[in-house]
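Remarks on the overall topology
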Amino acid sequence: MNIKKEKNLRRAFFFIALSTLSVLAIITLFIFFEGIPLINKVGVFKFLFGMKWAPSQGLYGIFPMIIGTLSVTLGAALIGVPVALCVSIFLTEFAPKQIRMFMRSTIQLLAGIPSVVYGFWGLTFIVPFIRDYLGGPGLSILAGSLILAIMILPTIISISEVSLLALPGLYKQGSLALGATHWQTIWRVLIPAAKSGIMAAIILGIGRAIGETMAVIMVLGNAVALPNSILDPARTLTTNIGIEMGYASGDHQQALFATGIVLLVMIMILNSAAQYIVRKK
Amino acid sequence: MSKPSKIIARNLNFHYGEKQAIKNLNLEISANEIFALFGPANSGTTTFFRALTRLCDLDPHTKVEGQILLDGKDIRDADVSVTELRRKIGMVFEEPTALPMSIFDNIAYGLRLSGIKDKNLLKERVETALKLTVLWEEVKDRLDTPALRLSGGQQQRLCIARTLAMSPDIIVLDRPCAALDPISTLKIEESLQLLKNQFTIIIIPHSIQQAGRISDKAGFMLYGEMIETGPTRELFTNPKDQRTNDYITGRFG
């Protein structure tokens with residue numbers, strides 16, 4: 001009787017677990033089902049590398065948006081990653097206990113701010129600042145990168161902090177006892193030892209940056225043209241969907257789903273890379 | 001006075017916050033001998049090592065008073081470099097502290113930090129060190145594999161080798177065999193006997209038997225106080241203090 005009950009319980013849990021998987025499968029299938037016909041109609045090459053996005057004329061080239069996504073994300077990583085790593089090293093190695101506790105909860109609060117608030121703040125503060133002091137319209141790749149850099153900080157900081165904290169204290173002792181300074185110990189022993197965790201943190205942060213939509217819509221300017229400098233406006237894959245989904249239909253709507261496919265593939269590549277790095281350790 | 005004193009501790013007091021871990025310690029250790037510092041848990045032996053290597057500096061809650069002289073010079077003087085000091089006094093911990101890098105790099109790490117860059121010299125020093133701890137034959141074909149894949153006993157011998165490679169004046173070992181099997185223990189004890197001609201060795205033994213087996217002189221500590229020091233044979237056969245006698249004969253602790 002009891003054994004039977006346990007078996008049923010196990011089955012129930014299995015099905016609940018399976019249902020999350022099937023949600024993923026349904027969404028993925030749906031996106032592909034909607035998007036693939038358009039990609040076939042336009043041609044893979046023309047879709048990915050086409051320079052012109054003009055749905056009213058039946059032109060669906062998303063290359064400017066791929067570049068937009070890549071450049072905004074790269075900018076966010078270049079600004080955000082060094083800052084995040086410095087913070088996590090400071091928190092684990094140098095900060096007194098009270099400061100560490102305080103900063104940790106503050107950083108978690110940073111993760112709780114809704115993205116629309118980030119975007120609004122960026123629009124009223126960063127955008128005018130760039131326009132006044134650096135030139136251009138202000139709505140720009142630089143503005144998007146700055147906002148995203150702030151938004152990915154909590155992810156990178158907390159994951160790399162965890163992987164640094166997980167190191168055995170023996171590493172530090174052993175290194176110091178050999179006459180290494182604290183800084184040499186951090187640089188040559190602790191960071192290499194936590195490397196896979198730190199890499200995973202960076203990739204997850206980048207994944208977050210690629211997927212972010214709302215804040216980016218508000219500060220990026222959303223022009224569908226190949227940007228020439230970081231002060232130019234741009235459009236990303238996510239914002240393309242976000243802006244046009246309200247009125248798109250027919251081929252246009254399918255093209256947005258096709259944009260989603262490209263986005264999905266990018267994220268999948270990143271996640272596999274993260275898993276590969278963690279496992280390779 | 002046959003040999004000059006290598007280490008002298010004078011009126012040493014050590015506090016962890018409110019708790020006093022070492023009380024008015026006085027101790028002299030001569031060069032080229034094995035000194036066993038033994039006592040039950042919380043007797044202050046490990047703390048003495050942390051003070052001697054200044055590894056306690058990292059903990060802001062510790063307070064040290066009194067003097068520790070190394071070759072007549074106070075190790076806490078302002079002009080003493082901590083990293084230099086730790087190269088002179090090599091410490092081996094109770095648990096193996098192999099670093100997450102290859103066997104070769106574990107030994108080369110400290111050497112590189114001390115400024116040795118020549119590859120052949122590094123190879124030579126690594127080989128010598130591994131031979132001193134009788135580990136060479138076991139690992140010579142896989143020097144580039146991760147050190148953390150070695151067994152516990154091998155890792156501990158690697159850590160001793162790493163310390164020896166730095167050519168320190170003094171080696172301090174904190175219960176180096178506590179986690180090891182008897183064969184590995186024997187191997188380490190044998191190497192220590194060979195090494196005392198070149199180094200001064202202070203060891204916290206994991207058992208009274210080990211203290212008796214390997215040391216020339218010994219000191220018995222209890223609750224932060226040095227109860228008695230003397231030649232090991234004398235201390236073990238004819239202790240002057242009742243507490244030493246009780247501990248050695250197993251009547252407490």
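All of these numbers come straight from a predicted model, not from anything done at the bench. (Residues numbered from 1 in each chain as written. Chains lettered and ligands numbered in written order. Predicted model: local features only at pLDDT ≥ 70, side-chain atom pairs only at ≥ 80, totals over all residues.)

Helix and strand content of chain B: 10 helices and 10 strands. Taken over C-alpha atoms, the radius of gyration comes to 18 Å for chain B, in line with the 18 Å a tight globule of 253 residues would show. Taken over the C-alpha atoms alone, chain B extends approximately 55 × 40 × 40 Å along its principal axes. Within chain B, buried positions represent 41% of all 253 residues. When contacts within chain B are restricted to residue pairs at least 6 apart in sequence, those whose partners lie at least 24 apart make up 68%. (Helix = DSSP H or I, 4+ residues; strand = E, 2+ residues; numbered from the N terminus. Rg over C-alpha atoms; globule rule 2.2 N^0.38 Å. Buried ≥ 20, exposed ≤ 12 C-beta atoms within 10 Å, placed from the backbone. Contact = placed C-beta atoms within 7 Å.)

Interfaces are often described in size by the accessible area the parts lose on coming together. The interface is formed by 19 residues belonging to chain B together with 14 residues belonging to chain A. For the side of chain B that touches chain A, the elements supplying multiple residues, two or more each, are helix H2 (82–88), strand S6 (89–92), helix H3 (103–113) and helix H6 (152–165) of chain B. Of the residues that constitute the side of chain B that touches chain A, the class distribution is 9 nonpolar, 6 polar and 4 charged. (Nonpolar A, V, L, I, M, F, W, Y, C, P; charged D, E, K, R; others polar.)

This part covers the sheet that holds strand S5 (residues 73–74) of chain B. All names here are of chain B. In space, the 4 strands of this open sheet follow the order S2-S1-S4-S5, with antiparallel pairing throughout. Where the open sheet ends on each side, the last strands, each with one partner, are strand S2 (19–30) and S5. When strand S1 (residues 5–16) meets strand S4 (residues 62–70), the two strands line up antiparallel, connected through 8 bridges. Within S4, the position partnered with Ile 7 by the bridge is Leu 70. With respect to the sheet, helix H1 (residues 45–52) is in contact with S1, S2 and S4, its orientation differing from that of S2 by roughly 70°. (Pairing = 2+ DSSP bridges. Axes fitted to C-alpha atoms, helices over the stretch in contact; angles between N-to-C directions.)

The next subject is the sheet that holds strand S9 (residues 217–222) of chain B. All names here are of chain B. Judged by pairing direction, the sheet is mixed, and its 6 strands sit side by side in the order S6-S7-S8-S3-S9-S10 without closing on themselves. With one partner strand each, in any of the chains shown, S6 and strand S10 (225–231) form the two edges of the open sheet. Across the sheet, the mean angle separating the axes of adjacent strands is 15° when strand polarity is ignored. In this sheet, S9 lies alongside strand S3 (residues 34–38) in parallel orientation, the contact comprising 4 bridges. Residue pairing across strands places Phe 38 opposite Phe 220, the latter belonging to S9.

Three- or four-residue spacings in an α-helix give side chains the same orientation, since the helix completes a turn every 3.6 residues. Listing the buried residues of H3(B) in full gives B:Ile103, B:Asn106, B:Ile107, B:Ala108, B:Tyr109, B:Gly110 and B:Leu111. Contacts from the buried residues of H3(B) go to helix H4 (119–132), helix H5 (136–139) and H6 of chain B.

Here the focus is the confidence of the model for chain B. A residue-level look at chain B finds 98% of positions with pLDDT of 70 or above and a mean pLDDT of 89. Both scores are available for the predicted complex, with the pTM at 0.82 and the ipTM at 0.87. (pLDDT = per-residue confidence, 0-100.)

Residues and elements named next belong to chain A. Positioned with a positive phi, Asn 222 is a non-glycine residue whose angle comes to about 65°. Note on placement: Asn 222 falls in the loop between helix H10 (214–220) and helix H11 (237–244). Note on Asn 222: 20 C-beta atoms within 10 Å, which makes it buried.

Residues and elements named next belong to chain A. Note on placement: Thr 239 falls in helix H11. Between the C-alpha atoms of Thr 239 and Gly 61, which are 178 residues apart in sequence, the distance is 15 Å. Setting aside anything within four residues of it in sequence, one finds Thr 239 in contact with Thr 213, Val 216, Ile 217, Leu 220 and Asn 222.

Residues and elements named next belong to chain A. Entries for chain A in the domain assignment read domain 1 (2–49) and domain 2 (63–280). Distance from the C-alpha centre of domain 1 to the C-alpha centre of domain 2: 27 Å. Breaking the side of domain 1 that touches domain 2 down by element, the ones donating at least two residues are helix H1 (2–42) and helix H2 (44–49). For the side of domain 1 that touches domain 2, the element with the most residues is H1, which contributes 8 residues. (Domains from an automatic or database assignment.)

A regular strand places its side chains so that they alternate between the two faces of the sheet. All names here are of chain B. Among the 5 residues of strand S7 (residues 170–174), 5 are classified as buried, and the element is accordingly described as predominantly covered. Residues Ile 170, Val 172 and Asp 174 line one face of S7 and the alternating positions Ile 171 and Leu 173 line the opposite face, and both faces are buried. In the sheet, S6 pairs with S7 via 4 bridges, with the strands oriented parallel. Within S7, the residue paired with Met 91 across the bridge is Val 172. Bridge analysis of S7 against strand S8 (residues 200–204) gives 5 bridges, and the strand direction is parallel.

Before going further, it helps to examine the nonpolar core. Among the nonpolar cores identified, the biggest contains 117 residues, and A:Ala143, A:Ile147, A:Leu148, A:Ile156, A:Val219, B:Ala161 and B:Val172 are the most heavily contacted of them. Examining the composition of this core, we find that 15 residues originate from one element, helix H6 (residues 141–165) of chain A, more than from any other. Discounting chain neighbours no more than four positions away, the residues touching A:Ile147 are A:Tyr118, A:Gly119, A:Gly122, A:Ile126, A:Ala215 and A:Val219. Counting 14 residues, the second-largest nonpolar core is a separate cluster that includes A:Leu38, A:Trp53, A:Ile62 and A:Met65. (Core = buried A, V, L, I, M, F, W, Y, C linked by C-beta atoms within 7 Å.)

Turning to the packing of H4(B) against H6(B), a few remarks are in order. All names here are of chain B. Packing of H4 against H6 brings their axes to within 8 Å, and their N-to-C directions diverge by 130°. By the angle class used here, H4 and H6 are oblique. Here H4 runs over H6; the crossing is right-handed. Two secondary-structure elements touch here, H4 through Arg 125, Val 126, Ala 129, Leu 130 and Leu 132 and H6 through Ala 161, Arg 162, Leu 164 and Ala 165. Classifying every residue of the contact of H4 with H6 gives 7 nonpolar, no polar and 2 charged. (Parallel < 35°, antiparallel > 145°, perpendicular 65-115°, else oblique. Left-handed = near helix turned anticlockwise from the far one by under 90°.)

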